[in-house]
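Chain by chain, the residues run as shown.
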Amino acid sequence: MIASQEQWVRFTPRQRLVRFSWYFGIVAALVFSARNVEIIPEFLYDAPEQVADLVSRMWPVAWDYYPTSVHAVMIETLHIATLGTIITILLAVPVGFLAARNITRSTTLNYLAKLILVSSRSVNSMVWALLFVAVFGPGAMAGTMAIAFRSIGFVGKLLAEALEEAHPGPIEALQAAGAPWISTVTKGYWPQIQPAFWSIALFRWDINVRESAVLGLVGAGGIGTALDASMSLFDWDRVAVILISIFTVVMLAEVVVTQLRKRII
Amino acid sequence: MHGLRTDTKVESGQNARSLVIRHLDKEYVRGVPVLRDINLEIAGQGMTAIIGPSGTGKSTLIRCINRLVEPTRGEILLDGQDLVKLHGKALREARRRVGMVFQEFNLVERLTVIENLLCGRLGYVHPFPAWLRRFPEQDVARAFELLEVVGLKEFAIQRADALSGGQRQRVGIARAVMQEPRILLADEPTSSLDPKTSVEIMELMTQLAGERGIPVVVNIHDVHLGRRFAQRIIGMSGGGIVFDGPPDELRDEHLKLIYGGENWLQ
């Protein structure tokens, strides 16, 4: 057959061996992990009953608990998320500029900025909250700072990427016109990254609303404080109203962010 | 050198509106020259077209003039001032006197057309009022005037990304003219445009520069277009100038020398 001479095989035998090894390794890791976590079958089997029990204890929901104790901490949660996001933006913008290689032409500064961004992201917001509770004492201040410091990495990294993706042509044109550096930023970079900037800020605020809801578990203010108290006292009907409130607010935040993004972009 | 023109020679760089390039070398990589010993004098008015094959350094030469590309050696005198020696504020002030038109237009897409024109004044306006969009009244008035000249008045408050290629290049030219430059550089201004629009763009540059007495240096790969509009053709090959003369002196043997081969001429 003539066709046999022109046979085409996607992978060489060597590539196939490598691919097979990968698959084998993944399956092996899965089996090993399943054994290692030592699932107790009895606990797994009665999980449905446990869930049913929990739900029955949550019912009827203690709606009257909302105005007296949940509303104020819910507002506090939103304040923590919003103020935290604003502080983050103020801190992340300079770091983002330092991290963008097309703007800061010093590898040392780029790496320094990236180190700041990675450190911020590598620490979970609960851990940041624990640290700030130790510094400022329990309360919304610690929560706000935890949100702010956790978000620098996220906002700064995405901002630096947006800056690096900015088209160099318009910048070159402004430089050729003799524009000072600040004007190339305000008239060249900013118009280009503006949609990305608002999108990043809104997205991070959305995440922060969710994150600030649990910070109270370590005493950093917000609705988590009420959740922690109710759970410790096994007031499941109150836990229910708190969870429903969190769910509603997160949904609303999502809707608000989606609507705003549509307007901006 | 073929057909060297002597009538436009300038004795020194002192003459107003003259650009003198002396012994300009550019190496992006050490020991690999892209431009070798360029000597050029652009004087008075009119259009000078630089032709040559891709990768021969036409763009590099033009970009060396306003230091978008850093020259390795040599002098570039504009009104007698050596641009190569300038740094910081002095360089920015010198760049104001050199207008530039780009192949890809390089407009700020998300800004309005009128604001793109005003960007040509950024070298003169302090960053803070510029940021607040408070440009001097006479700048705004001039921007509207120029917009009318280039036939885009009704597009003033539309975003630049709403324009077609030809319209964008008109804005690009108007932005460069807003600088009130002493010389206008154009780096392949018609390469992204269709033939009819290309001619219109060349006409517009000739008109605007002619009215203001600004010399134009244009990189162009379309020899016919260069011949039609320029009073002087500079042929480059291998990083050097191999022809310098008026269009009617440009013969097939020169084109062979510039581009190599000959089959394409038949």
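Above this text you will find the structure in question.
Residues numbered from 1 in each chain as written. Chains lettered and ligands numbered in written order. Predicted model: local features only at pLDDT ≥ 70, side-chain atom pairs only at ≥ 80, totals over all residues. Heavy atoms only, no water.

Draft legend 1. Inspection of the layout of surface pockets at higher detail. Here the largest pocket is characterised by a volume of approximately 500 Å³. Taken together, 21 residues form the lining of the largest pocket, with Val-185, Thr-186, Trp-190 and Pro-191 of chain A together with Trp-131 of chain B sitting closest to its centre. Secondary structure elements with two or more residues in the lining of the largest pocket: helix H4 (65-99), helix H7 (140-165) and helix H9 (181-212) of chain A. Residue contributions to the lining of the largest pocket peak at 10 residues, all from H9 of chain A. (1 Å grid on protein atoms, 1.4 Å probe; cavity = no way out; pocket = protein on both sides within 12 Å on 5 of 7 lines; lining within 4 Å. Points joined across faces, edges and corners; volume = space filled by probe spheres on them. Helix = DSSP H or I, 4+ residues; strand = E, 2+ residues; numbered from the N terminus.)

Draft legend 2. Inspection of the sheet that holds strand E10 (residues 240-245) of chain B at higher detail. Residue and element names in this part refer to chain B. Taken together, six strands build an open sheet; the order of strands is E6-E7-E8-E3-E9-E10 and the sheet is mixed. Of all strands in the sheet, those bounded by a partner on one side alone are strand E6 (98-101) and E10. On average, adjacent strands in this sheet sit at an angle of 20° to one another, irrespective of strand direction. (Pairing = 2+ DSSP bridges. Axes fitted to C-alpha atoms, helices over the stretch in contact; angles between N-to-C directions.)

Draft legend 3. Quick look at the interface of chain A and chain B. Tallying the contact residues gives 18 residues for chain A and 26 residues for chain B. Summing both sides of the interface, chain A and chain B together bury roughly 1,900 Å²; the carbon and sulfur share of this comes to 63%. Of all residues in chain A, Ala-176, Ala-177 and Lys-187 of chain A bury the most surface against chain B, accounting for 31% of the area lost on that side. For the pair chain A and chain B, the number of links is two salt bridges. As a salt-bridge pair, Arg-63 of chain B and Glu-172 of chain A come within 2.6 Å of each other at their nearest N and O atoms. Our enumeration of links across chain A and chain B arrives at five residue pairs in polar contact (both at pLDDT 80 or more). Where the side of chain A that touches chain B is concerned, the elements lending two or more residues are helix H8 (168-176) and H9 of chain A. Each residue belonging to the side of chain A that touches chain B can be placed in one class, and the counts come to 10 nonpolar, six polar and two charged. (Contact = heavy atoms within 4.5 Å. Buried area = accessible area lost by both parts, 1.4 Å probe. Salt bridge = Lys/Arg side-chain N within 4 Å of Asp/Glu carboxyl O. Polar contact = N/O pair within 3.5 Å; in protein donor to acceptor, adjacent residues only side chain to side chain. Nonpolar A, V, L, I, M, F, W, Y, C, P; charged D, E, K, R; others polar.)

Draft legend 4. Layout of the pattern of salt bridges. Applying the stated criterion to the full structure yields 29 salt bridges over all chains. As a salt-bridge pair, Arg-238 of chain A and Asp-235 of chain A come within 3.9 Å of each other at their nearest N and O atoms. Overall, Arg-238 of chain A belongs to the partly exposed group, its relative accessible area being 32%. The exposure class assigned to Asp-235 of chain A is partly exposed, which follows from its relative accessible area of 23%. Between Arg-97 of chain B and Asp-79 of chain B there is a salt bridge; the shortest N-O distance is 3.3 Å. Pair noted here: Arg-97 of chain B is in the loop between helix H2 (88-96) and E6 and Asp-79 of chain B is in the loop between strand E4 (73-78) and strand E5 (81-82), with a separation of 18 residues, a long-range link. Connected via shared salt-bridge partners are Arg-121, Asp-139, Arg-142 and Glu-180 of chain B. (Buried < 20%, exposed > 50% of the residue type's maximum accessible area, 1.4 Å probe, protein only.)

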